[in-house]
Amino acid sequence: MTTLLHSPPPVVADDHVPPARRRPRAARILGYLTLGAAAIVVLLPFYWMVMSSLKTNNDVFTVPVKWVTTDPVWSNYLDIWSKSDLTTWLGNTVLLSAAVTLLQVFTGSFAAYGFAKVRFPGRDVLFLAYIGTLAVPWQSYMVPQFVMMSKLQLTDTLWSIVALQAFGALGVFLMKQFYETVPDELLDAARIDGMSEYGIYRRIMLPLSVPALASLTLITLVTTWNDYLGPLLYLRSPDLWTIQLGLKSFINQYNAEYALIMTGSVLSVLPIVVIFLAGQRYFVEGIATTGLKG
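In short, a report on the structure. (Residues numbered from 1 in each chain as written. Predicted model: local features only at pLDDT ≥ 70, side-chain atom pairs only at ≥ 80, totals over all residues. Heavy atoms only, no water.)

**A short note on a nonpolar patch on the surface**
Taken together, the side chains of Leu-44, Tyr-47, Val-65, Trp-67 and Val-68 make up a nonpolar region of the molecular surface, amounting to roughly 440 Å² of accessible area. Its location among the elements puts Tyr-47 in helix α2 (residues 19-52). What makes Tyr-47 partly exposed here is its relative accessible area of 34%. (Patch = residues over 30% accessible without salt bridge, like charges linked within 9 Å, V, L, I, M, F, W, Y side chains within 5 Å. Areas by Shrake-Rupley, 256 points an atom, 1.4 Å probe, with all protein chains shown as cover. Salt bridge = Lys/Arg side-chain N within 4 Å of Asp/Glu carboxyl O. Helix = DSSP H or I, 4+ residues; strand = E, 2+ residues; numbered from the N terminus. Buried < 20%, exposed > 50% of the residue type's maximum accessible area, 1.4 Å probe, protein only.)

So this is what it looks like as structure tokens:
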């Protein structure tokens, strides 16, 4: 009797596992394999870019492709500083990205609070009209915008990029969706206590929306940092070029220094990768909670 009580449970072989239990496991393995294959496809160009930055100019486009560099040319990361004005390019890019990101986060969150929590006539119509601008491609109003900047004498200045990108409908939409998850009773209690709408926005809404603000910050920062067409139209002086414009200086009429282009690309991507990894937790939390009403 004692032996029966303390005997271990029988081990069920995989052949005896019900099909209903084997099916989720197989689907999970298939999902992991699919995600792994997708990750390889996405990361492969970045890997090739890093490897190409360690090659000589003639070895970048060899056939077949050399995926592993046996003799890395580390001097490329020193030559690019001496052969270009990389410090100025990075400085302009950092300045523009920081200014545009701060302004878009402020204007987007402030306007979103008005659309989400302040009642006024025509609010919903105005919001739909503003969000509708997301469907209009920038190329359709690029020329009138340039004419307006020219009349204001803002072309060939960093102010032109800052003025054009200080407002964004995407940020308003993102923040409004998050603000709608905040209970109205909390704001009504603050109004009863005599707090103004500006105080509610600054003391209640902003502290509660840190994940959404982090998401908007990362999206705006990456978009502004990688922008090429905007600076190409408005920034003509070499001392105003961003890193994206500066890399084209390695391409002339007869030759292109592809190794240095890849080196500059690695240096331009590296700050964004570091910032994204540092704020990844807030970014994922902000995207996951945006639009959920509780």
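**Observations regarding the nonpolar core**
Membership of the largest hydrophobic core comes to 32 residues, with the highest contact counts inside it found for Ile-80, Leu-86, Trp-89, Leu-96, Leu-235, Ile-243 and Phe-250. Elements that contribute at least two residues to this core include exactly α2, α3 (76-83), α4 (86-117), α7 (158-165), α11 (210-225), α13 (243-246) and α14 (258-278). A total of 7 residues in this core trace back to one element, the largest contributor, which is α14. If we skip the residues at most four places from it in the chain, Trp-89 touches Ser-84, Pro-238, Trp-241, Thr-242, Ile-243, Gly-246, Leu-247, Ser-249 and Phe-250. (Core = buried A, V, L, I, M, F, W, Y, C linked by side-chain atoms within 4.5 Å. Contact = heavy atoms within 4.5 Å.)

**A closer look at the packing of helix α10 (residues 197-208) against α11**
It is at 5 Å that the axes of α10 and α11 come closest, and there the two elements cross at 70 degrees. Considered as vectors, α10 and α11 are oriented roughly perpendicular to each other. The segment α10 lies against α11, with Leu-206, Pro-207 and Leu-208 engaging Val-210, Pro-211 and Leu-213. (Axes fitted to C-alpha atoms, helices over the stretch in contact; angles between N-to-C directions. Parallel < 35°, antiparallel > 145°, perpendicular 65-115°, else oblique.)

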